[in-house]
Amino acid sequence: QGVDFIKAYEMLTPETFNAIVKRAKHHGLPVTAHIPLSMRAGQAAKSGIADMQHLRNLETDCVLDGEQLLNERLEMLKENEAPNPAALRSAIHRAQRINAIRNEDDRRCRELIATLSTNNVSQTPTLIVSRFFSRALFADPQWRKSYDLLPLPTANNWRERTKGLLARKVTADEALFDRWLLSMVRRLDDANVPIMAGTDAPIGFLTPGLSLHEELAMLVEAGLSPLEA
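Residues numbered from 1 in each chain as written. Predicted model: local features only at pLDDT ≥ 70, side-chain atom pairs only at ≥ 80, totals over all residues. Heavy atoms only, no water.

Some words on the side chain of Thr126
Now for step 1: Mapped onto the fold, Thr126 is located in the loop between β4 (122-124) and α6 (127-130).
Now for step 2: Under the relative-accessibility criterion, Thr126 is labelled buried at 1%.
Now for step 3: For Thr126, the residues in contact, after removing those within four places along its chain, are Gln53, His54, Gly198, Thr199, Asp200 and Glu215. (Helix = DSSP H or I, 4+ residues; strand = E, 2+ residues; numbered from the N terminus. Buried < 20%, exposed > 50% of the residue type's maximum accessible area, 1.4 Å probe, protein only. Contact = heavy atoms within 4.5 Å.)

In structure tokens, the structure reads:
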């Protein structure tokens, strides 16, 4: 039906993830993927995928105790009281992400980045959505003007939903994650890991089109030249 590629999601088991990659390859379709919470980033990088999304779950493989963190995730995936998969995913991120960033091991991270480079697994950082709270585009009056270009029900919905976020302050953990995201893009680019531009619009009150321009600017902020971006 003219599909260009397959996107594999974060909550897949390793068995399902690998089966998707195998069948996609059979049909000549590249696979872009969230790194499954049930796997380590290095494992996923060697599976035959073409691209990884959001820089998500790279941080938990940039530490010395990556295998222990994986085992903890597997337990959380198996034994939980989360009302839905999205809530469970967020709970796992809260439990591991910031501690992993604070305990990053430079040698282990360089090894992971080398694995991405060797396997030619591009990265689509989607900085604009990952920096949702730290950058807070929804609080910028100029950004909100772009809602005028959206279908009216969507525009009204976004304006109403963002009212309660306008006075929100950036937390220390969010600021740390923001700095880590920018530094990771620079390190990936330095190691010749291909970088791709994506936004996840309309998630995060991101106006399609305009959000891609902003993503390119963020890639430059991370250290890429305008031409590279």
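Some remarks on the pattern of salt bridges
Now for step 1: Taken as a whole and assessed by the stated rule, the structure comprises 20 salt bridges.
Now for step 2: Of the charged contacts, one joins Arg102 and Asp173 as a salt bridge, the two residues approaching to 2.7 Å between their closest N and O atoms. Here Arg102, found in helix α4 (residues 85-102), pairs with Asp173, found in helix α10 (residues 172-190); they are 71 residues apart in sequence, far enough to count as distant.
Now for step 3: A salt bridge links Arg131 to Glu221, with the shortest nitrogen-to-oxygen separation between them at 3.0 Å. Placement of Arg131 in the loop between α6 and α7 (132-135) and of Glu221 in helix α11 (residues 210-221) is noted, with a sequence separation of 90 residues between them.
Now for step 4: On the accessibility criterion, Arg131 (4% relative accessible area) is buried.
Now for step 5: The network of salt bridges with common partners includes Arg40, Asp61, Glu67, Arg107, Arg108 and Glu111. (Salt bridge = Lys/Arg side-chain N within 4 Å of Asp/Glu carboxyl O.)

Quick look at the packing of α4 against α10
Now for step 1: Running from N to C, α4 and α10 point in directions that differ by 60 degrees, and their axes come no closer than 10 Å. It follows from the interaxial angle that α4 and α10 lie oblique. The hand of the α4/α10 crossing is left-handed. Listed contacts from α10 to Arg97, Ile98, Ile101 and Arg102 of α4 are Asp173, Leu176, Phe177 and Trp180.
Now for step 2: Class assignment of the residues belonging to the contact of α4 with α10 gives a composition of five nonpolar, no polar and three charged. (Axes fitted to C-alpha atoms, helices over the stretch in contact; angles between N-to-C directions. Parallel < 35°, antiparallel > 145°, perpendicular 65-115°, else oblique. Left-handed = near helix turned anticlockwise from the far one by under 90°. Nonpolar A, V, L, I, M, F, W, Y, C, P; charged D, E, K, R; others polar.)

Shape descriptors only; they carry no functional weight alone.
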